[in-house]
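Here are the chains, one letter per residue:
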Amino acid sequence: MKIYNTLTKKKEEFVPVNPPKVRMYVCGPTVYDYFHIGNARSFVMGDMIRRYLLYRGYDVKYVMNLTDVDDKIIKRANELGEDPKKYAEKYIAEFFKDIDGLKVKRADAYPRATEHISDMIELIKKLEEKDVAYNVDGDVFYDVRKFKDYGKLSGKKIDELESGARIEINENKKNPLDFALWKKAKEGEPEWESPWGKGRPGWHIECSAMSMKELGETLDIHAGGSDLIFPHHENEIAQSEAATCKDFVKYWVHFGFLNIRDEKMSKSLGNFYTAREVLKKYPAEAVRLLFAQTHYAAPLNFSFELLDSAKKATERISSLAKTVTEKLASKNFGDEEYELNFEEFENKFRIAVDDDFNFPKGVAVIFDFVKAANREMQNKNLPKSFYENAKGFLERTAQDVLGIVDFNFQDEDKSTGGKQDELIKILIELRQKAKAEKNYALADEIRDKLSAIGIILQDSKTGTTYKIKS
RNA sequence: GGCGGCGUACCCAAGCGGUCUAAGGGGACGGUCUGCAAAAUCGUUAUUCACCGGUUCGAAUCCGGUCGCCGCCUCCA
C-alpha cells in the first residue's frame, strides 16, 4: 500500500509503527455552526480511508477531536447571550446528526478540548521546561526559533514568512510567528486555572495533547484539509516533537478543497451549502460517490449537476444490489455456468485503492463489475453461488469501504407497516390482468399514475417490480 | 513578493515513460429486449491529452518556456 505523504512530498510504502495497528487522527470541527459540504468532504474521505484500512485487515484506532472552546464559539455565544459551553454542546449534537446522515462511521473517540485542559497544561509545562515556550504576563507563546525543523511540513522558511509580514504584530511576542499556547483570561470568556494564571488554551495545542493522549507519541496517519498544513499542522509538529523528541506523525494526509464555481468553499466567503441542506435533497450515497470519484487530494468543484449524475450512478449499483438480494430471498436458482471472475474484480479493486487511496479507480472497478454482472444475469438461470458472490463483493467494496450502496432496503415502508407494499402489489396484479386482456390503455394509466406519485413500475420476463423514487 | 498545485471528450474524472489509436460515471445519438415504456445490454461520442520547444528508440506522463486557473503564506476541512 502506498500513501502520498505531505511531509516528504512523495508517495511512500505504508508501514505503520506497530502493524497491524494503525493510529489515525483527523482534525475535527470547531463546533460553532453546522458544517458545510466542504467540511463534509474531509470527514467522508477520512472515513473512507479508515474503512479501507479496515478492509485491508488493519486494526485501526480512529480519533477525531471536537474543538469546543475557541474564539468563534465564544463570539457567537456571547452575541446570543448564551453560555459558550452549552452553545458548543448544541453544535456537537448537530455535528453527530450530520455525520450520521453522511453515513460516516463513528470514530473510536471524539476527545473534546474542554475535557483535556489538564493534558494541555502538562504539555505546555513540558515545553516551558525545554525552554521552547515563554510566558509574557499570563500569555504563553511557542518560540518558533527554538525548533530547528520549523517549516518542514509546509516548506516554508521562518525568514521568508517574516518578510511576508501578513501576520498581525503582537507586542508580546518575541517573533511574529510565535503562536499562543495559553491565552490569558479576558472578561466574559471561559477560563481555567493554570500555572500561568487563569486563561484558556490556544488552538493548536489541543490536537497535540489529545492525539498523543489517545494514540501515543507517534501517530501513523494524521489527516485534514489542505488549509491546515500551515500553520496548524506545522505548529502541531513543533509542539509535539519539541516535547517528546520523537516523530509526531509518520504519514501526513491532506484533502483537497471543495470549490464552488472554482473558488474555495468557506464560511468566510459565504459561498457554502451546509451538509444538512444537501442531504435533504440527495442521499448520502450520492454525496459519497461524488467524493469518491475524485482523488482525495485534488480540488473538487461542487455543483448540484454533479450530484445529480452521481445519484444516477448510485442507482445503477443499488438496482443490482436489490436484484441480487431479491434473487437470494426467492431461493429460485438455476445451474447455468457463468464466466464472471469475482476474485479478479476484488483484486483489481484492491490494487487500485492500494495506490494512495485511488478511490476513483476503485469505483471504476465496481462499475465494471456491475456491467459484467448484469450481462451475466441476462436471460440466464444462475446458481446461488453467483448471487452470493455478487452480494459479497458489493457489500465489501461498495458498501463497507465506500458507502455508496446500502443493502438495507426495507426502510421505505416502515410507517405503513408494509401495507403500502401490499397495496402496490394489488395494483400491479390488476395491471397484469389488464395487460393479459390487451387493455393497454388501462395498464398504461395505472403505470403513469403510480409514476406521477413516485412509484416506478418495471416489467420484466419474471414479473413486475417497483421502486420508489426519492 | 515567497511557496505549492492544476489545465485530459459535451460535463465530471483516472492516468505517474511503452500494454494509451487514453479507464470509469453522467449526457447525447442509434440497435437489442418490451404491446409501449422503464431497467438492463450492445454500439457511437478524444489518433488526442492548454500552447510552443527539448530529452528519449518511445511522452498525456520527464525538462524548459508561454498562456490561463486555483490554493497557502491570517481563522478556515
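Scope of this entry: the structure provided in the associated data block. Not measured: the values here are computed from a predicted model.

Counting its secondary structure elements, chain A contains 15 helices and 15 strands. By principal-axis analysis of the C-alpha atoms, chain A measures approximately 90 × 50 × 35 Å. Put simply, of all contacts in chain A between residues at least 6 apart along the chain, 75% involve residues at least 24 apart. As presented, chain A carries roughly 22800 Å² of accessible surface, and 49% of it is formed by carbon and sulfur atoms. Averaged over its 76 positive side-chain charges, chain A has a centre that lies 3 Å from the centre of its 80 negative ones.

Our next topic: the nonpolar core. Grouped together as the largest cluster of nonpolar side chains are 94 residues, with contacts concentrated most on Leu-53, Phe-302, Phe-359, Phe-369, Leu-394 and Leu-402. Top contributing element to this core by residue count: helix α12 (residues 359–377), with 10 residues. Here this core spans two domains, since at least three of its residues come from each of domain 1 (2–281) and domain 2 (316–402). Not counting the four nearest positions on each side in its chain, Leu-394 is found in contact with Ile-317, Leu-320, Ala-321, Ile-366, Phe-369, Gln-399, Val-405 and Phe-407. Counting residues in hydrophobic clusters, the runner-up holds 42 residues, among them Val-69, Ile-158, Ile-205 and Leu-228.

Another point: the sheet that holds strand β13 (residues 300–302). Pairing within the open sheet is mixed, and its three strands lie in the order β12-β11-β13. Single-partner strands in this sheet number two, and they are β12 (263–264) and β13. Judged from the two bridges that link them, strand β11 (residues 258–260) and β12 form a sheet pairing that is antiparallel. Directly across from Ile-260, in β12, lies its bridge partner Glu-263.

Any two side chains of opposite charge can pair, given that their charged atoms come close. Inspection of the entire model under this criterion finds 43 salt bridges. Among the salt bridges present, the one from Asp-354 reaches Arg-56, with a minimum N-O distance of 2.8 Å. Of this pair, Asp-354 sits in helix α11 (residues 342–354) while Arg-56 sits in the loop between α1 (37–55) and β4 (59–64), and the two are 298 residues apart along the sequence. For Asp-354, a relative accessible area of 13% translates into the label buried. Close ionic contact of Glu-122 with Lys-125 constitutes a salt bridge, the shortest N to O distance being 3.4 Å. One end of the pair, Glu-122, and the other, Lys-125, are both in helix α4 (residues 117–129), three residues apart, so they sit about a helical turn from each other. For Glu-122, a relative accessible area of 46% corresponds to the partly exposed category. Connected through shared salt-bridge partners, Asp-71, Lys-183, Glu-189 and Arg-200 make up one network.

Relative to the assigned elements, Glu-234 resides in helix α7 (residues 229–244). Within the buried set, Glu-234 has no salt-bridge partner at all; the shortest N-O distance to an opposite charge, 7.2 Å, is to Lys-152. In this structure the side chain of Glu-234 is engaged in a polar contact, spanning 3.0 Å, whose partner is the backbone nitrogen of Gly-151.

Of all nine residues making up helix α9 (residues 284–292), nine are buried, and the element is well covered by its neighbours. Taken together, the buried positions of α9 are occupied by Ala-284, Glu-285, Ala-286, Val-287, Arg-288, Leu-289, Leu-290, Phe-291 and Ala-292.

A separate point is the environment of Glu-193. For Glu-193, the location among the structural elements is in the loop between β7 (179–184) and β8 (199–201). Given the relative accessible area of 57%, Glu-193 is considered exposed. Considering only alpha carbons, one finds Glu-193 and Gln-399, 206 residues apart in sequence, at a separation of 48 Å. The contacts of Glu-193, once residues within four sequence positions are left out, are Ile-121 and Lys-198.

Attention now goes to the packing of α1 against α9. It is at 10 Å that the axes of α1 and α9 come closest, and there the two elements cross at 80 degrees. Considered as vectors, α1 and α9 are oriented roughly perpendicular to each other. Across the interface between the two elements, Ile-37, Ala-40, Arg-41, Val-44, Met-45, Asp-47, Met-48 and Arg-51 from α1 touch Val-287, Arg-288, Phe-291 and Ala-292 from α9. Considered class by class, the residues forming the contact of α1 with α9 number eight nonpolar, no polar and four charged.

The four strands lie next to each other as β5-β6-β7-β8, forming an open sheet whose pairing is antiparallel. Strand pairing shows two members of the sheet lacking a second neighbour, β5 (133–136) and β8, which therefore form its edges. Neighbour-to-neighbour, the strand axes of this sheet turn through a mean angle of 20 degrees, independent of strand direction. Where β7 meets β8, three bridges bridge the pair, whose relative direction is antiparallel. Bridge pairing in β8 links Lys-183 to Arg-200. Packing against the sheet, α4 makes contact with β5, β6 (139–142), β7 and β8, and its axis sits at approximately 120 degrees to β7.

Scoring rules and cut-offs
Residues numbered from 1 in each chain as written. Chains lettered and ligands numbered in written order. Predicted model: local features only at pLDDT ≥ 70, side-chain atom pairs only at ≥ 80, totals over all residues. Heavy atoms only, no water. Helix = DSSP H or I, 4+ residues; strand = E, 2+ residues; numbered from the N terminus. Contact = heavy atoms within 4.5 Å. Areas by Shrake-Rupley, 256 points an atom, 1.4 Å probe, with all protein chains shown as cover. Lys, Arg positive; Asp, Glu negative; His and termini not counted. Charge placed at Lys NZ, Arg CZ, Asp CG, Glu CD. Core = buried A, V, L, I, M, F, W, Y, C linked by side-chain atoms within 4.5 Å. Buried < 20%, exposed > 50% of the residue type's maximum accessible area, 1.4 Å probe, protein only. Domains from an automatic or database assignment. Pairing = 2+ DSSP bridges. Salt bridge = Lys/Arg side-chain N within 4 Å of Asp/Glu carboxyl O. Polar contact = N/O pair within 3.5 Å; in protein donor to acceptor, adjacent residues only side chain to side chain. Axes fitted to C-alpha atoms, helices over the stretch in contact; angles between N-to-C directions. Parallel < 35°, antiparallel > 145°, perpendicular 65-115°, else oblique. Nonpolar A, V, L, I, M, F, W, Y, C, P; charged D, E, K, R; others polar.

This is a description of form; function is not addressed.
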